[in-house]
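Results of the structural survey
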Amino acid sequence: MTAAHPVRRDRRAELAAALETVRGRVAAACTAAGRSADEVELVAVTKTRPASDVALLVDLGQLAFGENRPQEAAAKVAELTELRAGCTPRWHLVGSLQRNKARSVAAWAARVESVDSARLADALDAAVPRAVDSGERAGPLSVLIQLSLDGDPARGGVPAGQLAELADRIAGSGGLVLHGLMAVAPLGGDPDRAFAALQEAAGRLRNSHPGARVVSAGMTADFERAIRYGSTCVRVGAALLGDRPLASP
Ligand SMILES: *Cc1c(COP(=O)(O)O)cnc(C)c1O
């Protein structure tokens, strides 16, 4: 335990209350949008948070977790296995991924939400059979294509004009299953416009890839708005786990 994560006896109660609040807000946003609450999955983003928090959330029935750094994630996955033997939550990678980490990510990720290039898709596709052969995973890897909503390559994501080609490539791979799109609302831009553009792109993608039904959009600041625009998966960190320390080691 570092100073940033003091052990607190009431941590379980704190997480239980936050989880209930967030689930309630998701349900209310679904109702307001005329949608059913079971259309939206909650992924708890546990980056910078200790495995002990993940363990408590698992105890509370939360089973999908998001991490943005492969190395931190791999260590946490291993630690959770020690804390809660037999528990197998689903881990999503939501952050940018370098191709040389594809093999290690294939060992623990149920889904990679941040695929934004053919080269990365190919690296993951090649990594999956090797992870299967060594018994680290059971089958294909679920992926989402990260769509850029602001054209800023530094923030990750494929530009809309290259989406169809990347989708076809993933769909034609043996190791990957294309399940949909992920996006992050642009900094400073109009989030409604961004989420509307994502919704439209997701509709077009489904026309050619009917299985690609996931729209992963919405974080602490904007998940209710994303649900209005058809998000089926919200990735929530701060509202569940508290504010992250500004600098992480
Ligand atoms: C950190 C992160 C989140 C969660 O953000 P919060 O504001 O803490 O809810 C969601 N998605 C991605 C890609 C992230 O990096």
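A short note on the packing of helix 5 (residues 118-133) against helix 6 (residues 163-171)
Running from N to C, helix 5 and helix 6 cross one another at 10°; their axes reach a closest spacing of 10 Å. With respect to helix 6, the axis of helix 5 lies roughly parallel. In contact with A118, A121 and D122 of helix 5, helix 6 contributes L166, R169 and I170.

Describing unusual backbone geometry
Trans peptide bonds make up most of the peptide bonds, and negative phi angles are found at most residues other than glycine. Even without glycine at this site, T48 takes up a positive phi of about 70°. Relative to the helices and strands, T48 resides in the loop between strand 1 (41-45) and helix 2 (51-59). For T48, a relative accessible area of 19% puts it in the buried group.

Notes on the packing of aromatic side chains
Scanning the entire structure with this criterion turns up one aromatic pair. Aromatic pair F65 and W91: ring centres 5.6 Å apart, planes at 40°, arrangement tilted. One end of the pair, F65, is in strand 2 (residues 64-67); the other, W91, is in strand 3 (residues 90-93), and 26 residues separate them in sequence.

Some points on the state of the cysteines
Using the criterion set out here, one finds zero disulfides in the structure. No disulfide involves C87; its nearest neighbouring cysteine sulfur is the one of C233, lying 20 Å away. Look at C87 and you get partly exposed, because its relative accessible area is 30%. C30 supplies the cysteine sulfur nearest to C233, a cysteine that is in no disulfide, at a spacing of 12 Å.

Scoring rules and cut-offs
- Residues numbered from 1 in each chain as written.
- Predicted model: local features only at pLDDT ≥ 70, side-chain atom pairs only at ≥ 80, totals over all residues.
- Heavy atoms only, no water.
- Axes fitted to C-alpha atoms, helices over the stretch in contact; angles between N-to-C directions.
- Helix = DSSP H or I, 4+ residues; strand = E, 2+ residues; numbered from the N terminus.
- Parallel < 35°, antiparallel > 145°, perpendicular 65-115°, else oblique.
- Contact = heavy atoms within 4.5 Å.
- Buried < 20%, exposed > 50% of the residue type's maximum accessible area, 1.4 Å probe, protein only.
- Phe/Tyr/Trp six-rings, centres within 6.5 Å; stacked < 30°, edge-to-face > 60°.
- Disulfide = S-S within 2.5 Å.

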